[in-house]
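Structural features, examined
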Amino acid sequence: MTQSKRNPLLVDVLAALGDVSISQKYLIDPSHKQSYFMHGEQDGKNITINEAPNIVSTLIHELVHYVRPTWSERTVRRFTTILIRQLTHKEIQAIYDQYRERRTVL
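Fair warning: this is a prediction, and the values are worked out from it, not measured in the lab.

Turning our eyes to something else, we now look at the packing of helix α2 (residues 51–67) against helix α3 (residues 73–85). Across the interface, α2 lies against α3 with an axial gap of 9 Å and an inter-helix angle of 130°. When the axis of α2 is compared with that of α3, the two are oblique. The element α2 and its partner α3 pack so that their crossing is right-handed. In this structure, α2 contributes Val-56, Ser-57, Ile-60, His-61, Val-64 and His-65 to the contact, and α3 contributes Glu-73, Val-76, Arg-77, Thr-80, Leu-83 and Ile-84. Partitioning the contact of α2 with α3 into residue classes produces six nonpolar, four polar and two charged.

Right, let's talk about the sheet that holds strand β2 (residues 40–43) for a bit. Read across the open sheet, the three strands follow the order β1-β3-β2; overall the sheet is mixed. Both edges of this open sheet fall to β1 (21–24) and β2, since each of them pairs with a single strand only. Recorded for the sheet is a direction-independent mean angle of 20° between the axes of neighbouring strands.

Before going further, it helps to examine the pairing of β2. The pairing of β2 with strand β3 (residues 46–49) spans four bridges and is antiparallel. Its bridge partner lying in β3, Asp-43 is registered against Asn-46. In textbook terms, the turn of a hairpin is the stretch between consecutive antiparallel strands, and for β2 and β3 this stretch comprises two residues, one of which, Gly-44, has a positive phi near 60°.

Tracing the backbone shows Leu-59 in helix α2. With relative accessibility at 28%, the residue Leu-59 sits in the partly exposed group.

The next point concerns α3. Over its 13 residues, α3 runs 18 Å from end to end, which matches the ideal 18 Å to within 8%, given 1.5 Å per residue. Every buried residue of α3 is listed here: Val-76, Thr-80 and Ile-84. The buried residues of α3 all sit within an arc of 60° when viewed along its axis, so they share a single face. Facing away from the buried side of α3, by more than 90 degrees, are the exposed residues Arg-74 and Arg-85. Check the buried side of α3 and you find it contacts α2.

The rules behind each value
- The numbers attached to residues start from 1 for each chain and follow its sequence in the written order.
- For a predicted model such as this one, the threshold for reporting local features is a pLDDT of at least 70, and the threshold for listing and counting side-chain atom pairs is 80 or more; totals across whole chains, interfaces and linings nevertheless cover every residue.
- Neither water nor hydrogens contribute to the side-chain values; these are computed over all heavy atoms in the structure.
- Lines are fitted to the C-alpha atoms to define the axes, a helix being fitted only along its stretch in contact, and any angle between axes, read from their N-to-C directions, falls within 0 to 180 degrees.
- Secondary structure elements are taken from DSSP: a helix is a run of H or I of four residues or more, a strand is a run of E of two residues or more, and numbering for both begins at the N terminus.
- Throughout this description, any angle smaller than 35 degrees is read as roughly parallel, any larger than 145 degrees as roughly antiparallel, any in the 65 to 115 degree range as roughly perpendicular, and the remainder as oblique.
- Throughout, a crossing is termed right-handed when the near helix is turned clockwise from the far one, and left-handed when it is turned anticlockwise from it by less than a right angle.
- Residue contacts follow a heavy-atom distance rule, with two residues in contact if any of their heavy atoms lie within 4.5 Å.
- Basically, the charged four are Asp, Glu, Lys and Arg, the nonpolar ten are Ala, Val, Leu, Ile, Met, Phe, Trp, Tyr, Cys and Pro, and anything else, Gly included, counts as polar.
- Strands are treated as partners if at least two bridges between them are detected by DSSP.
- Accessibility here uses a 1.4 Å probe with only protein chains present; expressed as a share of the type maximum, an area under 20% marks a residue as buried, one over 50% as exposed, and anything in between as partly exposed.
- A helix is expected to span 1.5 Å for every residue after the first.
- As used here, the arc is the angular range of directions from the helix axis to the C-beta atoms.

Dropping the structure here:
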């Protein structure tokens, strides 16, 4: 895609990156505390990102590839969604903690 076809909103959004403070925290959707997490939230110039669900989802996805190497990408995606939906907040946090302890930054 050429830059001339990009939405001007992208320029505004990327320029705002320098204006905000960014923090990380596990966020639970207050309207569905048992089963839903939030990816992030914005309050004025403060943005909080919930890293754990995205990292855990990617990790589960890659682990499914590892344990089922013959499965198609579509099948792996489908089962990743199924498996993520079965995890509790506590389990997602525990898997995320394991990831943080074991990861190697390249």
